[in-house]
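Structural overview for review
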Amino acid sequence: MELLANFALGLETAVTPTNLFFCFAGVFLGTFVGVIPGVGPLAAISMLFPITFYLEPTAALIMLAGIYYGTTYGGSTASILLNIPGATSSAVTCLDGYPMAKQGRAGVALFMTTIASFVGGSFGIIILSLFSPLIAEYALTFGPAEYFSLMVLGLIAASTIANASPSKGLAMVVFGMLIATVGTDSQSGVGRFTFGSMSLLEGFGISAMAMGLFGVGEILSSVGATRDAKIDSSSAKLLNMLPTKDDWRRSWAPGLRGSSIGSFIGALPGTGPSIAVFMAYAVEKRISKTPERFGTGAIEGLVAPETANNAADQTAFIPTLTLGIPGSATMALMLGALMIHGIQPGPTLIVEQPSLFWGLIMSFWIGNLLLLVLNLPLIGLWVRLLLIPYHYLYPAILVFLCIGAYSVRANPADVLIVLGFGFVGYAMRLADLPAAPLLLGFVLGPLVEMQFRRSMVLARGDVIDVISRPIAGTVLAISLAILVWTLVGAIVRYCHGRKDLNEPSTGK
Amino acid sequence: MRTIFGATLAATLSATVAFAQDSFPSGPVTIIVPYGTGGSTDTTARPLAIELEEIWGQPVIIENKPGAGSMIGTTEMTQAEPDGHTLLINTAAISTAPAIQSDLQYDPETDVTPISLLITSPYVLVGGAKVESTDFAGFIEEAQERPMFMATAGPGSSGHFMSELVIEAADLPADVIHFSGGGESMTNLMGGHADTYISTTASVMPYVNDGRAKALAVLAPERFELLPDVPSSGEAGVTGVDINGWVAVFGPGGMDPALVEQINDDFATAMASERMTEQLEQNFAVAGDLSPAEFREIYLRDLNTWEDLAATRGIGQ
Amino acid sequence: MLDRDYRDIVSGLGLTLTGSAAALYALSEYNIGTFSRMGPGMMPVSLGIILAVFGLVIAIPALSRRGEAAQLKLRPIVVMSISILSFALMIEKVGIVPAVFFTTVIATFSETQVPFAKALMLGAGMTLLTWSIFILGLGLPIASFDWSF
């Protein structure tokens with residue numbers, strides 16, 4: 001089979017000592033950088049980018065890629081242990097990961113995350129290997145109208161990810177969308193809510209915002225309050241890290257679903273893993289028979305986003321390599337690395353540079369395997385991290401957050417943004433307003449607006465034209481159905497509630 | 001006695017001055033790149049920095065300061081000392097962005113010293129999957145029957161301004177649609193959602209060479225020597241679109257002209273190196289060879305052209 | 001327990017205020033356009049109005065409901081603000097080494113548990129750590145020491 005021949009070719013390239021070394025260097029670096037809150041893959045890759053000049057293209061790309069998906073493995077660690085996301089896409093991991101840690105199940109959470117990351121990554125690699133050219137072609141048919149409908153689906157489906165009252169959750173989604181309007185309007189070039197500041201013209205960086213909201217907000221809440229002993233040293237033992245049969249049983253389906261969603265969304269040019277993560281979590285919560293467990297330490301709420309994250313990381317290479325279209329800023333860096341070496345990604349890359357393409361894919365396998373082997377023993381180490389008294393830990397975290405925020409574009413204003421959103425995050429915790437929907441609105445809002453306005457330009461103002469496109473129309477119809485179903489469900493529950501109030505209790 | 005003393009003094013002073021100029025740079029040089037790491041400007045600046053390090057014998061540091069269509073990095077450069085140790089490498093965006101930027105925090109004429117035109121290439125108009133013509137004249141005809149959508153990398157980008165210029169000059173019934181970057185524009189072109197995209201040769205030729213897009217015209221009075229098979233807009237009778245894209249070096253306002261000349265020469269030497277010539281070839285671009293004064297003319301001319309265009313076409317409303 | 005859920009009332013009204021302010025500002029400054037040709041103002045105005053409505057939806061039921069009071073801790077907020085502000089100010093003016101040191105030490109003042117001596121040690125430790133990771137290890141183009149005067 002041709003595929004096996006390609007795998008063989010790839011292995012040949014990937015298993016050379018140089019490439020193996022750089023693969024290891026990349027994933028090792030990536031894991032540690034990923035754990036540090038505030039310093040995400042973008043920061044790490046930007047910092048290491050100049051080194052790639054001196055390396056061969058294959059080696060350079062293997063290392064950068066290793067850092068990229070490696071940081072996703074490490075990013076969940078901080079989310080679970082500290083309720084502070086290590087990378088923006090790890091924000092959703094906080095929702096169920098941190099409660100698990102508080103219940104003394106930090107080791108289990110970290111273990112499942114590592115396994116989930118491996119499963120998701122492998123799934124993504126399989127898709128990448130088998131379907132790259134097909135997916136690339138198919139992705140081209142997605143125009144603004146199709147993206148618009150997809151983003152609407154994402155908004156509606158995911159608007160109930162928080163456990164708070166629906167009005168609070170929805171209010172936060174809208175608030176997030178409003179905050180995202182700050183900056184240059186993508187369609188007219190006009191600066192909105194910028195008040196003459198150049199730094200605000202780019203809007204709030206999502207990294208700075210997430211770190212402020214989740215990171216500083218968390219620190220402000222925890223500091224000064226009495227903290228219950230989180231764990232004792234026994235939970236660092238190996239036995240206590242292993243998930244129970246029940247955990248495994250509950251996890252395999254969400255894992256598959258998360259991987260699929262992640263693979264699909266990651267492959268679309270222009271969408272990053274963050275969206276995939278939200279969708280995966282939202283889908284799990286909706287499908288679950290016990291949605292109220294989400295947010296309190298449900299293992300499904302951990303596994304689904306984690307598999308989605310890693311799957312999306314891998315399939316994000318599809319548009320990057322086959323079309324030359326980066327799906328995120330990090331992918332743009334990868335492209336840059338390729339172009340420096342004179343390699344032009346595109347449909348002919350697979351044909352003209354098979355050893356590069358397949359060598360890269362095989363190195364993904366190797367890298368994911370290395371990460372699995374590397375991370376499992378480290379779990380004990382990370383859990384021990386929790387034993388450090390918090391009053392030494394939080395200044396360290398604060399410093400990392402500041403450095404991470406600054407390093408994105410070397411602008412001190414980003415550090416101020418972290419502080420500002422720290423206030424907002426703290427205020428929101430005091431007011432019991434959930435932060436995850438805010439992030440969701442912030443990510444999806446501008447996409448919805450941008451794609452809608454573009455679709456309108458292309459349809460010359462005719463909305464019916466937009467809705468009647470096959471893919472767009474179907475997705476919008478599904479969104480509408482979900483919306484109606486949610487509303488009906490809410491009304492039914494409300495009526496039920498009133499009925500129970502009116503009837504005399506039967507003392508059940 | 002006094003004459004000898006005076007002569008010695010004069011000789012020493014002039015030697016000091018010459019020494020001061022010869023000893024540029026006297027410390028590390030920072031080159032600000034107002035775009036993210038790995039972007040096309042960055043990938044031009046970094047190898048160039050390596051060449052310059054050899055010429056100058058000092059560390060040359062690249063600082064990425066992206067944002068606001070290159071305006072954040074540009075503004076920061078204008079606030080540095082005009083001693084040549086802080087420079088900026090920017091594309092023609094430095095002439096287009098001010099046209100739609102309200103709250104500009106520097107004066108594009110007095111706070112910026114144009115130093116060296118590094119790279120120049122004509123703008124190429126490429127057509128996407130839905131366009132049937134293969135040359136500009138055919139395209140204009142096709143546009144009359146089916147009004148086109150011209151993709152841009154974003155409002156205020158050079159492609160945006162060029163598209164507006166083309167619409168005006170060729171009287172096309174077309175609409176501009178803004179995407180976020182060249183990559184997204186090309187994706188939509190390939191998918192048939194938009195029809196044309198205008199950018200420099202470096203950005204679009206890879207797609208043309210792959211057969212994913214059609215080079216309909218170079219926007220110049222005559223054909224481009226490196227792309228002999230692509231018709232020119234001049235051939236199709238369209239004038240007024242003859243502006244080239246460029247990448248250039250700038251310094252803060254008020255730099256000493258002799259210093260500017262010297263830096264220009266040093267950059268020219270660096271551009272002539274093997275590493276850079278290879279890159280130019282791959283990108284179908286040509287090294288610039290204008291004097292700083294000549295380049296300043298072009299810079300000012302472009303600034304005015306875009307400002308006028310923004311006013312007439314209502315860009316940035 | 002308070003007789004009214006002040007927490008929700010305040011937060012709801014806060015959201016209403018924010019939403020209305022945003023909508024009004026956008027209405028006066030930016031072009032709204034039409035539904036088919038949206039201008040830059042359309043989104044902020046619509047979102048602002050919706051947010052204002054949601055704010056009321058949160059606040060009004062809270063008027064007739066009992067609720068917990070919120071515990072506001074002033075000291076951590078003030079200290080952390082100073083700490084982060086100092087980082088923002090120092091990082092470009094004096095370099096990462098002093099910035100990290102001062103940020104760390106200042107931050108420890110949020111609580112009373114950290115003796116000053118230990119705070120200094122933590123500051124030194126963090127400085128060493130960040131210097132080795134970011135400057136030595138990753139080669140970030142940030143000045144370690146950058147006395148510009």
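Sequence order as written defines the numbering, with residues in each chain counted from 1. The order in which chains are written sets their letters, starting at A; the order in which ligands are written sets their numbers, starting at 1. Whole-chain, interface and lining totals are the exception, using all residues; otherwise, since this is a predicted model, local features are given only for residues with pLDDT of at least 70 and side-chain atom pairs are given and counted only at 80 or more. For the side-chain quantities, the full set of heavy atoms in the structure was used; hydrogens and water were omitted.

Quick look at the overall build of chain B
This is how the line gets drawn: Secondary structure counts use DSSP, requiring at least four H or I residues in a row for a helix and at least two E residues in a row for a strand, with both numbered from the N terminus. Put simply, the radius of gyration uses C-alpha atoms, and a globule should come to 2.2 Å times the residue count raised to 0.38. Type-normalised accessible area, obtained with a 1.4 Å probe on protein chains alone, sets the label of each residue: buried when under 20%, exposed when over 50%, and partly exposed for intermediate values. The contact rule is simple, with two residues in contact once any of their heavy atoms fall within 4.5 Å. Every accessible area reported is derived by Shrake-Rupley at a probe size of 1.4 Å, with residue values counting cover from the shown protein chains alone. Lys and Arg are tallied as positive, Asp and Glu as negative. Neither His nor the chain termini are counted. To locate a charge, the coordinates of NZ of Lys, CZ of Arg, CG of Asp or CD of Glu are taken.
Looking only at helices and strands, chain B has eleven helices and ten strands in total. A compact globule built from 317 residues should have a C-alpha radius of gyration of about 20 Å, and chain B, at 22 Å, falls within 12% of that. Buried residues in chain B amount to 56% of all 317 residues. Contacts spanning at least 24 positions in sequence make up 78% of the contacts within chain B whose residues lie at least 6 apart. Taken as a whole, chain B presents about 12600 Å² of accessible surface, with 51% of it coming from carbon and sulfur. One finds the centroid of the 12 positive side-chain charges in chain B at a distance of 4 Å from the centroid of its 43 negative side-chain charges.

A few points about the overall build of chain A
Each helix and strand in chain A was counted, giving 22 helices and two strands. For chain A, whose C-alpha radius of gyration is 23 Å, the value lies close to the compact-globule estimate of 23 Å for 508 residues. Projected onto its principal axes, the C-alpha coordinates of chain A cover approximately 75 × 65 × 55 Å. Among the 508 residues that make up chain A, the fraction classed as buried is 66%. Nonlocal contacts in chain A, meaning residues at least 24 apart in sequence, comprise 80% of its contacts between residues at least 6 apart. The centroid of the 26 positive side-chain charges in chain A is displaced by 10 Å from the centroid of its 26 negative side-chain charges.

Focus: unusual backbone geometry
For Asp-432 of chain A, which is not glycine, the phi torsion reads 60 degrees and is therefore positive. Within the secondary structure layout, Asp-432 of chain A lies in the loop between α19 (412–430) and α20 (436–458). Using a relative accessible area of 42% as the deciding quantity, one classes Asp-432 of chain A as partly exposed. Backbone geometry at Phe-284 of chain B places phi at a positive 55 degrees, although glycine is not the residue there.

Considering the packing of aromatic side chains
The geometry of an aromatic ring pair is captured by the separation of the ring centres together with the interplanar angle, meaning the angle of the planes. Residue and element names in this part refer to chain A. Under the convention used in this document: In summary, the pairing rule links any two rings of Phe, Tyr or Trp, Trp by its six-membered ring, whose centres are within 6.5 Å, and it sorts them by plane angle into stacked for under 30 degrees, edge-to-face for over 60 and tilted for everything else.
Throughout the structure, instances matching the rule amount to 28 aromatic pairs over all chains. Residues Tyr-281 and Phe-294 carry aromatic rings whose centres are separated by 5.7 Å and whose planes lie at 85 degrees to one another, so their mutual orientation is edge-to-face. In this pair, Tyr-281 sits in helix α12 (residues 273–287) while Phe-294 sits in the loop between α12 and α13 (300–315), placing the two residues 13 residues apart along the sequence. Residue Phe-294 is classed as buried on the basis of its relative accessible area, which comes to 1%. Counting every residue linked through ring pairs, the aromatic cluster contains Tyr-68, Tyr-69, Phe-317 and Phe-364.

Structural notes on the interface of chain A and chain C
In many analyses, interface size is given as the accessible surface area lost on bringing the parts together. Here is the rule we go by: Two parts lose some accessible area (1.4 Å probe) when they are put together, and adding that loss for both gives the buried area. Every case where a carboxyl oxygen of Asp or Glu lies within 4 Å of a side-chain nitrogen of Lys or Arg is listed as a salt bridge. The definition of a polar contact used here is a pair of N or O atoms within 3.5 Å, where within protein one atom must be able to donate a hydrogen and the other to accept one, and adjacent residues in sequence count solely through side-chain atom pairs.
Each partner contributes to the interface: chain A provides 64 residues, whereas chain C provides 59 residues. Between chain A and chain C, roughly 5400 Å² of surface is buried when both sides are summed, and carbon and sulfur atoms account for 79% of that area. Where chain A touches chain C, the interface holds one salt bridge. The closest approach of N and O atoms between Asp-8 of chain C and Lys-168 of chain A, which form a salt bridge, is 2.9 Å. Inspection of the chain A/chain C interface yields eleven residue pairs in polar contact (both at pLDDT 80 or more). Elements with a minimum of two residues in the side of chain A that touches chain C: α3 (41–48), α8 (166–180), β2 (191–192), α9 (206–222), α18 (390–409), α19 and α20 of chain A. Residue contributions to the side of chain A that touches chain C peak at twelve residues, all from α18 of chain A.

What to know about the pattern of salt bridges
With the rule as written, the count across this model stands at 25 salt bridges over all chains. Glu-142 of chain B serves as the salt-bridge partner of Arg-146 of chain B, at 3.9 Å between the closest nitrogen and oxygen. We classify Glu-142 of chain B as buried; its relative accessible area is 12%. Note that Arg-223 of chain B is salt-bridged to Glu-235 of chain B, the shortest N-O span being 2.6 Å. With Arg-223 of chain B in the loop between β8 (214–218) and β9 (244–252) and Glu-235 of chain B in the loop between β8 and β9, this residue pair connects regions lying twelve residues apart in the sequence. When salt bridges with common partners are traced through the structure, they connect Asp-246, Arg-249, Arg-250, Arg-293 and Glu-300 of chain A into a single cluster.

Describing helix α2 (residues 17–35) of chain A
Our working definition: Helix span is expected to be 1.5 Å times the residue number reduced by one.
Along its 19 residues, α2 of chain A runs 27 Å from first to last C-alpha, staying within 8% of the 27 Å computed at 1.5 Å per residue. Turning to α2 of chain A, its buried residues number three or more, namely Asn-19, Phe-22, Cys-23, Gly-26, Val-27, Gly-30, Thr-31, Val-33, Gly-34 and Val-35 of chain A.

Some points on the pairing of β8 of chain B
Each regular strand shows side chains that alternate between the opposite faces of the sheet. All names here are of chain B. For the record, the criterion: DSSP bridges decide pairing: two strands pair if at least two such bridges lie between them.
Of all five residues in β8, four are buried; the element is thus mostly enclosed. Taken together, the four bridges between strand β4 (residues 112–127) and β8 define a ladder with antiparallel strand orientation. Its bridge partner being in β8, Val-126 is matched across the sheet by Ala-215.

Focus on a negative patch on the surface
What counts, and what does not: Only residues whose relative accessible area exceeds 30% and that form no salt bridge are eligible for patches; like-charged ones are grouped when within 9 Å, while nonpolar side chains (Val, Leu, Ile, Met, Phe, Trp, Tyr) are grouped when within 5 Å.
Judged by side-chain charge, Asp-107, Glu-109, Glu-307 and Asp-308 of chain B come together as a negatively charged surface patch. With respect to the helices, strands and loops of the structure, Glu-307 of chain B is situated in helix α11 (residues 292–313).

Observations concerning the confidence of the model for chain B
All names here are of chain B. Here is the rule: How sure the predictor is of each residue is captured by pLDDT, a score from 0 to 100.
In this model, chain B carries an average pLDDT of 86, and 92% of its residues clear a pLDDT of 70 or more. For chain B, the element scoring lowest by mean pLDDT is helix α1 (residues 2–22), at 54; strand β3 (residues 86–91) scores highest, at 94. Note on residues 16–20: pLDDT under 50 across the span, and zero contacts to partners over four residues away in sequence or across chains. What the predictor reports for the complex is a pTM of 0.84 with an ipTM of 0.87.

Some thoughts on a nonpolar patch on the surface
Side chains of Leu-480, Leu-483, Val-484, Leu-487, Val-488 and Val-492 of chain A sit close together on the surface and give an oily, nonpolar patch of about 510 Å² of accessible area. Positionally, Val-488 of chain A belongs in helix α22 (residues 470–502).

Thoughts on α12 of chain A
Residues and elements named next belong to chain A. Its 15 residues give α12 an end-to-end C-alpha distance of 21 Å, which sits within 8% of 21 Å, the value for a rise of 1.5 Å per residue. Among the 15 residues in α12, twelve count as buried, and that is most of the element. What α12 keeps buried is the set Pro-273, Ser-274, Ile-275, Ala-276, Val-277, Phe-278, Met-279, Ala-280, Tyr-281, Ala-282, Glu-284 and Lys-285. In this structure, the buried side of α12 is in contact with α4 (57–82), α5 (91–102), α7 (144–158), α11 (245–267), α13 and α20.

As for the domain arrangement of chain B
Residue and element names in this part refer to chain B. This is how it is decided: Here the limits of each domain have been adopted from an automatic or database domain assignment. Under the convention adopted here, Pro, Cys and the residues Ala, Val, Leu, Ile, Met, Phe, Trp and Tyr are nonpolar, Asp, Glu, Lys and Arg are charged, and Gly plus all remaining residues are polar.
By domain assignment, chain B separates into domain 1 (16–120 + 245–313) and domain 2 (123–236). In this structure, domain 1 and domain 2 have C-alpha centres spaced 27 Å apart. Both sides of the domain 1 and domain 2 interface together cover about 1400 Å² of buried area, and 69% of this is carbon and sulfur. Per-residue buried area on domain 1 facing domain 2 is highest for Phe-284, Trp-306 and Arg-313; these three make up 44% of the total on that side. Where domain 1 touches domain 2, the interface holds one salt bridge. The tally of links from domain 1 across to domain 2 stands at five residue pairs in polar contact (both at pLDDT 80 or more). Residue composition of the side of domain 1 that touches domain 2, grouped by class: ten nonpolar, four polar and one charged.

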